[in-house]
2 protein chains.
Amino acid sequence: MYEGVVQDLIDELGRLPGVGPKSAQRIAFHLLQADPVDVRRLADVLVEVKQRVKFCKICFNVSEEETCRICRDPRRDPTVLCVVEEYKDVVAIERTREFRGRYHVLGGAISPIDGIGPDQLRIRELMTRLNDTQLTEIILATDPNLEGEATATYLTRQLAPLGLAITRLASGLPVGGDLEYADEVTLGRAFAGRRAAQ
Amino acid sequence: MYEGVVQDLIDELGRLPGVGPKSAQRIAFHLLQADPVDVRRLADVLVEVKQRVKFCKICFNVSEEETCRICRDPRRDPTVLCVVEEYKDVVAIERTREFRGRYHVLGGAISPIDGIGPDQLRIRELMTRLNDTQLTEIILATDPNLEGEATATYLTRQLAPLGLAITRLASGLPVGGDLEYADEVTLGRAFAGRRAAQ
C-alpha cells in the first residue's frame, strides 16, 4: 500500500502484540514526522535490550549481569523460594514488598494446547536448585488460571517427596485473570494468606 | 519499576501514539523474548525510514527520491491538483483509483488552538506551483472536520483571483471524522461528486 521502507515499517510494527494495522500505520506516520534523534533512541534501545538483557543463570529472571539483582542480594531470605511463570510476575511481587525470599522463573505454564509440557519449562533447573538444604518453603505463585493451576498441581506432586512446605498464594486473586494485573494490595494480601498445597 | 534498559525500552515505547503504559510493558516483554534477528530488523527499519524517507520537493508527499512517484509519473493528469492535509490522505485517495491528477500535501490544517496558521502549512509552496499554466482545477480534499473546513475556506479565498475551478469533495464523507478512515467506495463517490467551492 505504501512505498518501500514505509510499508516495511508498518509491517514490522504490525507484528508487535496489540498493534493492529491501523495502529501500526498511525505509529509509522508519527515516526515519519518525529525528530530523527527520538526515533534513533528507540532503535538504539531495541538493539541494546537484546544485547544487554540476559537471563539470570540461577533463577532465569531478567538481568543485565550473569546473575540477577535478587539472587546477588545477601539480604534475601535463602529459606523461601517463590516459583513464578514469567519475569513480569517477579516485578509484580516485588512491588508488594511482602516477599523477601528468592525466585524461580519457569518461563511459562503447562499448556498442552500450545504444546508446552513440563519439559518446555525450567522445571529441571528448579529441581537442581532444591538440593540447597537451606530451603524450607516453596511458594507456587503461578497465575490463577487453568494453565497456572495445572502447573502448580504438577509441581506439587513433583515436590511432595522432598518434605518441604509447599504453599500456594491465598485466594483473593481474581480467578481467570493474570497475576501481573492484580493491584499491589490484593497481591500483597494473597501473599500474606498463602495456604498449604493439596 | 524495571531494571535499567528494560525500563528505558518501556519508556520509549510508551511515547508512541496509542501505546499506554500497559501496552508498552506488554510489547517490551514480547521483545525481550523475541528472536534477536526480528528485533534487529525493527530497529534497522526505524533507522532506515528516517534516513531514506524524504519529502517530495514538488508536492511534499513522502518519497525515497527527490520527487515522489506521482510527480515523476508522466501519465498523471497535469491539469488537476488535489490539495490534502497529510501523506496518509494521498494514500487513501490513491486507493480509490478515482483520481489521476497530482497532489499537494499541506502538512496539516489551520488550527489556531494548536498554533497552526497558514504560514505553518505549505501554502506558499502551493501558490508557487499555481504558476503552472496547464492547471485548470484545484480540488480541496481537506478533512471534513472543523480544521479541514477552515483550511478549505481560507484556500478558496486565496485561490479565487486565479480563475481556476476550485472544488470540494462531495458530501458523503462522515462529518467530524478523518478522511483517511473512509472506506474506498465512500471516498471514491465523494471524489466523483465533488462540488464548486463557495
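Treat the numbers as computed from the prediction; the structure is a model and nothing was measured. (Residues numbered from 1 in each chain as written. Chains lettered and ligands numbered in written order. Predicted model: local features only at pLDDT ≥ 70, side-chain atom pairs only at ≥ 80, totals over all residues. Heavy atoms only, no water.)

## A short note on the relation of the copies chain A and chain B
For the pair chain A and chain B, the superposition axis carries a translation of 0.0 Å, the fit reaches an RMSD of 0.1 Å, and the rotation angle comes to 179°. Such a combination of rotation and displacement between the chain copies is what one expects of a two-fold axis. Nearest to the rotation axis, the C-alpha of Ala43(A) is located 2.2 Å from it, this being the minimum over chain A. Most of the interface of chain A is mirrored in chain B, where 100% of its interface residues are also at the interface. (Least-squares fit on C-alpha atoms with pLDDT ≥ 70 in both. Contact = heavy atoms within 4.5 Å.)

## Things to note about the domain arrangement of chain A
You can read the domains of chain A as domain 1 (4-52) and domain 2 (75-168). Placing the centre of domain 1 of chain A and that of domain 2 of chain A at their C-alpha centroids yields a distance of 35 Å. (Domains from an automatic or database assignment.)

## With respect to the sheet that holds strand E7 (residues 195-196) of chain B
All names here are of chain B. With mixed pairing, 5 strands are arranged side by side in an open sheet as E4-E3-E5-E6-E7. Whereas interior strands pair on both sides, the edge strands pair on one side only; in this sheet they are strand E4 (102-105) and E7. When strand E5 (residues 137-140) meets strand E6 (residues 165-168), the two strands line up parallel, connected through 4 bridges. Bridge pairing links Ile-139 to Thr-167 in E6. Packing against the sheet, helix H7 (residues 146-159) makes contact with strand E3 (80-84), E5 and E6, and its axis sits at approximately 160° to E5. (Pairing = 2+ DSSP bridges. Helix = DSSP H or I, 4+ residues; strand = E, 2+ residues; numbered from the N terminus. Axes fitted to C-alpha atoms, helices over the stretch in contact; angles between N-to-C directions.)

## Looking at the sheet that holds strand E7 (residues 195-196) of chain A
Residue and element names in this part refer to chain A. With respect to topology, 5 strands assemble into an open sheet ordered E4-E3-E5-E6-E7, the strand pairing being mixed. The two strands at the open ends of the sheet, each matched to only one other strand, are strand E4 (102-105) and E7. Across the sheet, helix H7 (residues 146-159) touches strand E3 (80-84), strand E5 (137-140) and strand E6 (165-168), and the angle it forms with E5 is around 160°.

## Details of empty space enclosed by the protein
In this approach a probe as big as a water molecule rolls over the atoms, and the regions it shows empty are the leftover space. Tallied over the entire structure, the rule returns 1 cavity of 30 Å³ or more. The space that makes up the largest cavity amounts to roughly 50 Å³. In terms of lining residues, the largest cavity is bounded by Leu13(A), Leu16(A), Ile27(A), Leu31(A), Leu42(A), Leu46(A), Leu13(B), Leu16(B), Leu42(B) and Leu46(B). Sorting the residues of the lining of the largest cavity by element identifies helix H2 (21-33) and helix H3 (36-52) of chain A together with helix H3 (36-52) of chain B as the ones contributing at least two each. For the lining of the largest cavity, the class distribution of residues is 10 nonpolar, no polar and no charged. (1 Å grid on protein atoms, 1.4 Å probe; cavity = no way out; pocket = protein on both sides within 12 Å on 5 of 7 lines; lining within 4 Å. Points joined across faces, edges and corners; volume = space filled by probe spheres on them. Nonpolar A, V, L, I, M, F, W, Y, C, P; charged D, E, K, R; others polar.)

## Let's talk about H7(B)
In this model H7(B) runs 20 Å from its N-terminal to its C-terminal C-alpha over 14 residues, within 8% of the 20 Å that 1.5 Å per residue would give. For H7(B), the elements touching its buried residues are E3, helix H6 (123-129), E5 and E6 of chain B. (Expected span 1.5 Å × (residues − 1).)

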